[in-house]
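Notes for the structure review
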Amino acid sequence: MPASFPETAISTERLLLRPLEEGDAPELVAMMADELVLSWTDVPQPYTAAHARAWVREQAPAARAAGSGISFAVTEHLTQRLVGTVELRHTDWRLLSTEAAYVTAPWARGEGYAVESLLGVAQWLFEDRGFHRLELRTAAGNTAAQQVAQKIGCISEGVLRSAWIVRTGEVGSAGEESRSDLILWSLLPEDMDPEPVPLGHGRALRR
């Protein structure tokens, strides 16, 4: 049986990262119907309720069972509102390395939630799961994602040339596609801020 992540939740100062639920589908559809999501991700367009249900019911459980990754819904403690997602993928259990991909809902941008959720995941990976490396890949033109990588302490390792496709056009359509470089970022345990984190930050809640 392959190694795999446990079904768990991660609590930070303002956020709860928990398994995806079927009730998240309407907010997932609204989140993905956004110009920035169209531009920088490979999320299907138009993103429908069927796509959301397939992720919740089939794709996320299958990835966790196979050991390739885990998906989290990012919610506010105060309101329980869905404010984003974090997905770990391409996990290498020999190297104890994985890649993070995330989406922040348009109604939650500017609050620092991407940084907080990724730091929570990184602390859980390094301290609770014994991982040694977390990777992020950002499109060359996605300066907001590059700032997030820098804020969590990632080191830029170089450029993967012509390794991604970005889309422009009307949200809900396939969009016009063009090739883009990717910037490869890495975070190691020693890159983490040594200052104490707020109570609950990065703490795993067993299920």
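In what follows, the structure referred to is the one given above.
In this report, we go over the structure that sits alongside the text.

**Some remarks on the packing of helix α1 (residues 25–32) against helix α3 (residues 49–66)**
Between α1 and α3, the least distance of the axes is 9 Å, while the angle of their chain directions is 120°. Here α1 lies oblique to α3, going by the angle between them. For the pair α1 and α3, the crossing hand works out as right-handed. When α1 is examined against α3, the residues A25, L28, V29 and M32 are found in contact with a partner set consisting of A49, A52, W55 and V56. Residues that form the contact of α1 with α3 fall into these classes: 8 nonpolar, no polar and no charged.

**Some details on empty space enclosed by the protein**
Taken as a whole and judged by the stated rule, the model has 1 cavity of 30 Å³ or more. Estimated volume of the largest cavity: approximately 40 Å³. For the largest cavity, the full set of lining residues is V74, V83, G84, T85, Y102, V103, T104, Y113, A114 and S117. Going through the elements one at a time, β4 (82–92), β5 (97–104) and α4 (113–128) are the ones with two or more residues in the lining of the largest cavity. Here the residues of the lining of the largest cavity sort into 6 nonpolar, 4 polar and no charged.

**Comments concerning the pairing of strand β8 (residues 176–187)**
Pairing analysis gives 6 bridges linking strand β6 (residues 133–139) to β8, with the strands arranged antiparallel. Along β8, the bridge assignment pairs A139 with L182. Pairing of strand β7 (residues 155–168) with β8 involves 10 bridges; the strand directions are antiparallel. Looking at β8, one finds that I155 is bridged to S186.

**Some words on α3**
For α3, built from 18 residues, the straight-helix expectation of 26 Å at 1.5 Å per residue is met to within 8% by its first-to-last C-alpha distance of 25 Å. The largest bend in α3 comes to about 45°, at W55. Among the residues of α3, A52, A54, W55, V56 and A60 are the ones counted as buried. Where α3 is buried, its residues contact α1, β3 (70–76) and β4. Backbone geometry just after α3 places G67 at a positive phi near 85°.

**A few points about the pattern of salt bridges**
Charged atoms that come close allow side chains of opposite charge to pair. Going through the model one piece at a time under the given rule, you end up with 13 salt bridges. A salt bridge links D34 to R109, with the shortest nitrogen-to-oxygen separation between them at 2.8 Å. With D34 in the loop between α1 and α2 (35–40) and R109 in the loop between β5 and α4, the pair connects residues that are 75 residues apart, well separated along the chain. Between R81 and E76 there is a salt bridge; the shortest N-O distance is 3.1 Å. Via salt bridges that share partners, R89, E99, R133, E135, R137 and E157 belong to a single interconnected network.

Rules of the game
Residues numbered from 1 in each chain as written. Predicted model: local features only at pLDDT ≥ 70, side-chain atom pairs only at ≥ 80, totals over all residues. Heavy atoms only, no water. Axes fitted to C-alpha atoms, helices over the stretch in contact; angles between N-to-C directions. Helix = DSSP H or I, 4+ residues; strand = E, 2+ residues; numbered from the N terminus. Parallel < 35°, antiparallel > 145°, perpendicular 65-115°, else oblique. Left-handed = near helix turned anticlockwise from the far one by under 90°. Contact = heavy atoms within 4.5 Å. Nonpolar A, V, L, I, M, F, W, Y, C, P; charged D, E, K, R; others polar. 1 Å grid on protein atoms, 1.4 Å probe; cavity = no way out; pocket = protein on both sides within 12 Å on 5 of 7 lines; lining within 4 Å. Points joined across faces, edges and corners; volume = space filled by probe spheres on them. Pairing = 2+ DSSP bridges. Expected span 1.5 Å × (residues − 1). Bend = angle between axes of the 7 residues up to and from the residue. Buried < 20%, exposed > 50% of the residue type's maximum accessible area, 1.4 Å probe, protein only. Salt bridge = Lys/Arg side-chain N within 4 Å of Asp/Glu carboxyl O.

Remember, this is a structural readout, not a statement about activity or role.
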